[in-house]
Every structure is written in structure tokens, then in C-alpha cells.
Amino acid sequence: MASGSLRIAVYPGSFDPLHNGHFDIIERCRPLFDELVVAVLRNTSKKDPLFSVDERVALIDEVLRDHAGCRVESFEGLLVHFMERVGARTIVRGLRAVSDFESEFQMALMNRRLDPRVETVFLTPKEEYSYLSSRLVKEVYLLGGDCTGLVPAEVLAKMPGR
Ligand code: ADP
């Protein structure tokens, strides 16, 4: 297939840390797109990160090492500008519950306004991951809870000392 017709999607987020809900969405994307770029946002407004952006990129790279067609990059600035650079036209977002809907809807419409060629698709995770969020994983971890089964093994192994 010519590279111009490749279906390239981006899955943007903070991924601090990448958890099993994120991973489930990545797996669901694999049959839908030729390439998936997991895009880690360099967001300076989020305080007290568990992992630096570079650490998150390295970790996600490790998690995706056997996933042909998936890769990870970081970006800053507008997502649509990053998409232009990597040749993507589709944004993938996960929808856990109705509570995610309003902000996701606004973001999808704003991104389409910024670049009318861009479409956002929403995927839902397996039910058992629908309550998971990076914030909750971080909280459980920092309070001494066991995060086994919440994050991929590669992430669990790198969780820094409390
Ligand atoms: P943000 O910081 O922008 O909320 P996250 O890193 O938390 O981003 O998540 C990135 C994307 O993954 C978002 O679309 C979010 O809705 C989705 N997501 C987060 N947790 C889950 C989950 N448990 N199941 C499915 N999708 C999820």
C-alpha cells in the first residue's frame, strides 16, 4: 500500500502511567488501523507526575515492543499539528462512562474545527477496565496498594519507590 493511503491513527493522552484500560484500547485499534502512534502529551500544567514524559515514552515503547504497527512518541502544542507531522487523520480516544463524554465531545469538535480532515473515533474498553484511570492507579500506588492487574507488567516493574 502506498504510504499516502496508510490508515494512521494517534492515541493521545498523558499516560501517567499507562494502565490496562489504555492497553485494552491500543489492542482494539490494531485491526482497525495500519499504524497507531501513542502520543504522550508534554503537559506542563499536570503537577506531581509519577513518571517523566521521557520515562513514559520509554515504558510504553517497552510495552509495545512486540506490537507491530504501534509506536510511541511525545508531543507538545496542538495535536492536529502533531498529526500533520506523522500523517495521521484519526484520533482515538477511550470512553469509559457518560462522565467522559462531555469533555471528549468538546475536544473532538475543536480538533475538527482546527483541521476539518481530522476525525475522532471512540472505543470502549473491556468492562473490567472501565473504572480505571491513571489518577486512581497513582493514588492506590502512592498509598501502598497493590497495582498488579491494573497496569502492564513492564509498568509495574518500573514503579518508583514510595
Ligand atoms: P488525559 O490525561 O487526557 O485524560 P489519559 O492519559 O488519562 O488522558 O487517557 C488517554 C485516553 O485514554 C483518553 O481518551 C481516556 O479517556 C482514555 N482512557 C483512560 N482510561 C481508560 C480506561 N480505563 N478505559 C478506556 N479508555 C481509557
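Up top is the structure.
The structure contained in this document is the topic of the report that follows. Because the structure is a prediction, the values reported are computed rather than measured.

1. Some remarks on the side chain of Asp115
- If you trace the backbone, Asp115 turns up in the loop between helix H4 (98-114) and strand S5 (119-123).
- Note on Asp115: relative accessible area 8%, which makes it buried.

2. Looking at the state of the cysteines
- Overall, the coordinates contain 0 disulfides when judged by the stated rule.
- Here Cys29 is not cross-linked by a disulfide; its sulfur's nearest cysteine counterpart is in Cys70, at 7.7 Å.
- Classification of Cys29 by relative accessible area gives buried; the value is 1%.

3. Let's talk about the packing of aromatic side chains
- Under the defined criterion, the tally for this structure stands at 3 aromatic pairs.
- Considering the side-chain rings of Phe101 and Phe105, the 5.2 Å spacing of their centres and the 25 degrees angle between planes classify their relative orientation as stacked. Linking Phe101 with Phe105, this pair stays in helix H4, spanning 4 residues, or about one helical turn.
- For Phe101, a relative accessible area of 42% puts it in the partly exposed group.

4. Digging into helix H5 (residues 134-142)
- Among the residues of H5, those classed as buried are Ser134, Val137, Lys138 and Tyr141. Buried residues along H5 cover an arc of 100 degrees about the axis, so they all sit on one side.
- Those residues of H5 that are buried are in contact with helix H1 (20-29).
- One or two residues past the end of H5 sits Gly144, with phi positive at roughly 90 degrees.

5. A short note on the site of the ligand
- Every one of the 17 residues lining the ligand counts as a neighbour, but Tyr11, Phe15, Lys46, Gly94 and Tyr129 are closest to it.
- The contact in question runs from a nitrogen atom of the ligand to an N or O atom on the side chain of His19, over 3.2 Å.
- Backbone polar atom of Leu132 to a nitrogen atom of the ligand: 2.9 Å apart, as the coordinates give it.
- For the ligand, whose unbound accessible area comes to 550 Å², protein coverage reaches 88%.
- In a pocket analysis with a 2 Å cut-off to the grid points, the ligand is assigned to the largest pocket.
- Among the elements of the structure, strand S1 (8-13), H1 and strand S4 (90-94) are those that each provide at least two residues to the shell around the ligand.
- For the shell around the ligand, the class distribution of residues is 7 nonpolar, 6 polar and 4 charged.

What counts as what
- Residues numbered from 1 in each chain as written.
- Predicted model: local features only at pLDDT ≥ 70, side-chain atom pairs only at ≥ 80, totals over all residues.
- Heavy atoms only, no water.
- Helix = DSSP H or I, 4+ residues; strand = E, 2+ residues; numbered from the N terminus.
- Buried < 20%, exposed > 50% of the residue type's maximum accessible area, 1.4 Å probe, protein only.
- Disulfide = S-S within 2.5 Å.
- Phe/Tyr/Trp six-rings, centres within 6.5 Å; stacked < 30°, edge-to-face > 60°.
- Arc of directions from axis to C-beta.
- Contact = heavy atoms within 4.5 Å.
- Near = heavy atom within 4 Å.
- Polar contact = N/O pair within 3.5 Å; in protein donor to acceptor, adjacent residues only side chain to side chain.
- Areas by Shrake-Rupley, 256 points an atom, 1.4 Å probe, with all protein chains shown as cover.
- 1 Å grid on protein atoms, 1.4 Å probe; cavity = no way out; pocket = protein on both sides within 12 Å on 5 of 7 lines; lining within 4 Å.
- Sits in = over half its atoms within 2 Å of the grid points.
- Nonpolar A, V, L, I, M, F, W, Y, C, P; charged D, E, K, R; others polar.

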